[in-house]
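Examination of the molecular architecture
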Amino acid sequence: MVKFYTMPLDRTFAALSDATRRALVMRLAQEPGLSVSELAAPFEMSLPAIMKHLDVLSDAGLLQRTKTGRTVACRLEAEPMRDAFEWLNRYEKFWSDRLSSLATYLEEESWQSKQRRNRGSPSSAG
């Protein structure tokens, strides 16, 4: 089933949800301006399959293509990822607070457990 995402954030997350597309983004971040064939080289899939992945990235605004003669070079456009990062960042405080509370609870439980064991152990003064 084909899904059309209208919101830019939806398109960004949808584009980055695929491991192949994430790998393509990582390659472009490390080596800007690679040609489509250079991008496709390490993947064990057809060039048309890579082109479909590049289309999804392009539709999400994550990819800029430039054609010179017969060569199409690709460049990463990271701005949409900034919006996704900001959206995710809103939840960082929420999860940090929750994890801190859990850590405190576990430390207290561990301390209380040690106290119970120490009270219940036989005295060596016998």
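Right, let's walk through the structure included here.

Here is what the cut-offs are and how they apply
- Residues numbered from 1 in each chain as written.
- Predicted model: local features only at pLDDT ≥ 70, side-chain atom pairs only at ≥ 80, totals over all residues.
- Heavy atoms only, no water.
- Pairing = 2+ DSSP bridges.
- Helix = DSSP H or I, 4+ residues; strand = E, 2+ residues; numbered from the N terminus.
- Axes fitted to C-alpha atoms, helices over the stretch in contact; angles between N-to-C directions.
- Parallel < 35°, antiparallel > 145°, perpendicular 65-115°, else oblique.
- Contact = heavy atoms within 4.5 Å.
- Nonpolar A, V, L, I, M, F, W, Y, C, P; charged D, E, K, R; others polar.
- Salt bridge = Lys/Arg side-chain N within 4 Å of Asp/Glu carboxyl O.
- Buried < 20%, exposed > 50% of the residue type's maximum accessible area, 1.4 Å probe, protein only.
- Phe/Tyr/Trp six-rings, centres within 6.5 Å; stacked < 30°, edge-to-face > 60°.
- Patch = residues over 30% accessible without salt bridge, like charges linked within 9 Å, V, L, I, M, F, W, Y side chains within 5 Å.
- Areas by Shrake-Rupley, 256 points an atom, 1.4 Å probe, with all protein chains shown as cover.

**Some points on the pairing of strand β1 (residues 63–68)**
Pairing geometry for β1 and strand β2 (residues 71–76), over six bridges, is antiparallel. Bridge pairing in β2 links Thr68 to Thr71. Counted along the chain from β1 to the antiparallel partner β2, the turn is two residues long, and its residue Gly69 has a positive phi close to 65°.

**Description of the packing of helix α2 (residues 19–30) against helix α4 (residues 47–59)**
Direction vectors running N to C along α2 and α4 enclose 75°, while the axes themselves pass 10 Å from each other. For the element pair α2 / α4, the angle class is roughly perpendicular. Residue-level contacts link Thr20, Arg21, Leu24 and Val25 of α2 to His53, Leu54, Val56 and Leu57 of α4. The class makeup of the residues in the contact of α2 with α4 is five nonpolar, two polar and one charged.

**A few points about the pattern of salt bridges**
Once the charged atoms of two side chains with opposite charge are near each other, the side chains can pair. By the definition in use, this model includes five salt bridges. We note a salt bridge from Glu77 to Arg75, for which the minimum N-O separation is 2.4 Å. Overall, the relative accessible area of 24% leaves Glu77 in the partly exposed class. Judged by its relative accessible area of 43%, Arg75 is partly exposed.

**Topic: the packing of aromatic side chains**
Evaluated as defined, the whole model comprises three aromatic pairs. With centroids separated by 5.6 Å and ring planes inclined at 70°, the aromatic side chains of Phe13 and Trp87 adopt a geometry described as edge-to-face. With Phe13 in helix α1 (residues 8–16) and Trp87 in helix α5 (residues 79–120), this pair connects stretches of sequence that are 74 residues apart. Judged by centre distance (4.9 Å) and plane angle (85°), the ring pair of Phe94 and Trp95 falls under edge-to-face. Taken together, the ring pairs connect Phe13, Trp87 and Tyr91 into an aromatic cluster.

**Brief notes about a nonpolar patch on the surface**
A cluster of nonpolar side chains, Phe13, Trp87, Leu88, Tyr91, Phe94, Trp95, Leu99, Leu102, Tyr105 and Leu106, forms an exposed patch at the surface whose accessible area comes to about 1000 Å². Ranked by the residues each element gives to the nonpolar patch, the list is headed by α5, at nine residues. Looking at the element boundaries, Leu99 is found in helix α5.

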